[in-house]
Amino acid sequence: MNIAHIPRLRSLLTLCLGCCAVLLSACSTLEHGAAPQLERQATWAVLPFANHTETPLAGQRAESIAEALLRARSQAQVRRYPAASTQEALFEASEQKLQEDALIWARQQGARYALTGAVDEWRYKVGVDGEPAAGVTLQIIDVQSGETLWSGAGGKSGWSREALSAVARQLIRDLLNDALSGLR
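The structure presented is a predicted model; accordingly, all values stated were derived computationally and were not measured. (Residues numbered from 1 in each chain as written. Predicted model: local features only at pLDDT ≥ 70, side-chain atom pairs only at ≥ 80, totals over all residues. Heavy atoms only, no water.)

Asks: Can you help me understand the pattern of salt bridges in this one?
Replies: Any two side chains of opposite charge can pair if their charged atoms end up close together. Taken as a whole and assessed by the stated rule, the structure comprises 8 salt bridges. The residue Glu39 makes a salt bridge to Arg112 at a minimum N-O spacing of 3.5 Å. You can see Glu39 sitting in the loop between β1 (28-32) and β2 (44-51) and its partner Arg112 sitting in the loop between α3 (95-108) and β4 (113-124), a full 73 residues away along the chain. On the accessibility criterion, Arg112 (29% relative accessible area) is partly exposed. (Salt bridge = Lys/Arg side-chain N within 4 Å of Asp/Glu carboxyl O. Helix = DSSP H or I, 4+ residues; strand = E, 2+ residues; numbered from the N terminus. Buried < 20%, exposed > 50% of the residue type's maximum accessible area, 1.4 Å probe, protein only.)

Structure (structure tokens):
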């Protein structure tokens, strides 16, 4: 091997490592079960999302994104649990009670499926770039039986110039696409 080529090889290796670092800096992870067979025309209810973060109203923000994506992805009627009585506190003591009440409400509305979830991360990372990061779990519930038909969890971080809501939308969209791939 010619010694004159060694600096070029080092430069190429450095460039490749730099590209890999850039690609990995905005990544996501998803974990989910197999998509259930769901009726395409069924009525859906979007139930309150728990907020396990220190960011006020992160659950309602994720709920709103999930509702819009569910409406766009399915051809079903979608109803959302009335938000007036679910004003989020930083530490919600009655989270389980709220979910039970919301499921009763969904039954009264004649919903077949319910979408609910939790927000585990919703922030801009501390540092020079302030990258957005979101982490959510989603569940699809059979409203009549209360059985969880599907669940998935994911986390995604974005580039420093991206909006947190855009990163969260991409994450929720990816999870919902997997969950709704069994629509018939």
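Back to the text.
Asks: Looking at this structure, I do not really get the packing of aromatic side chains. What am I missing?
Replies: Pairs of aromatic rings are described using the distance from one ring centre to the other and the angle between the two planes. If you walk through the whole model with that rule in mind, you get 2 aromatic pairs. When the centroid spacing of 5.1 Å and the interplanar angle of 45 degrees are considered together, the rings of Trp44 and Tyr113 count as tilted. In this pair, Trp44 sits in strand β2 while Tyr113 sits in strand β4, placing the two residues 69 residues apart along the sequence. Classification of Tyr113 by relative accessible area gives buried; the value is 1%. For the pair Tyr81 and Trp105, a centre-to-centre distance of 5.4 Å together with 85 degrees between the ring planes defines the contact as edge-to-face. Here Tyr81, found in the loop between β3 (78-80) and α3, pairs with Trp105, found in helix α3; they are 24 residues apart in sequence, far enough to count as distant. (Phe/Tyr/Trp six-rings, centres within 6.5 Å; stacked < 30°, edge-to-face > 60°.)

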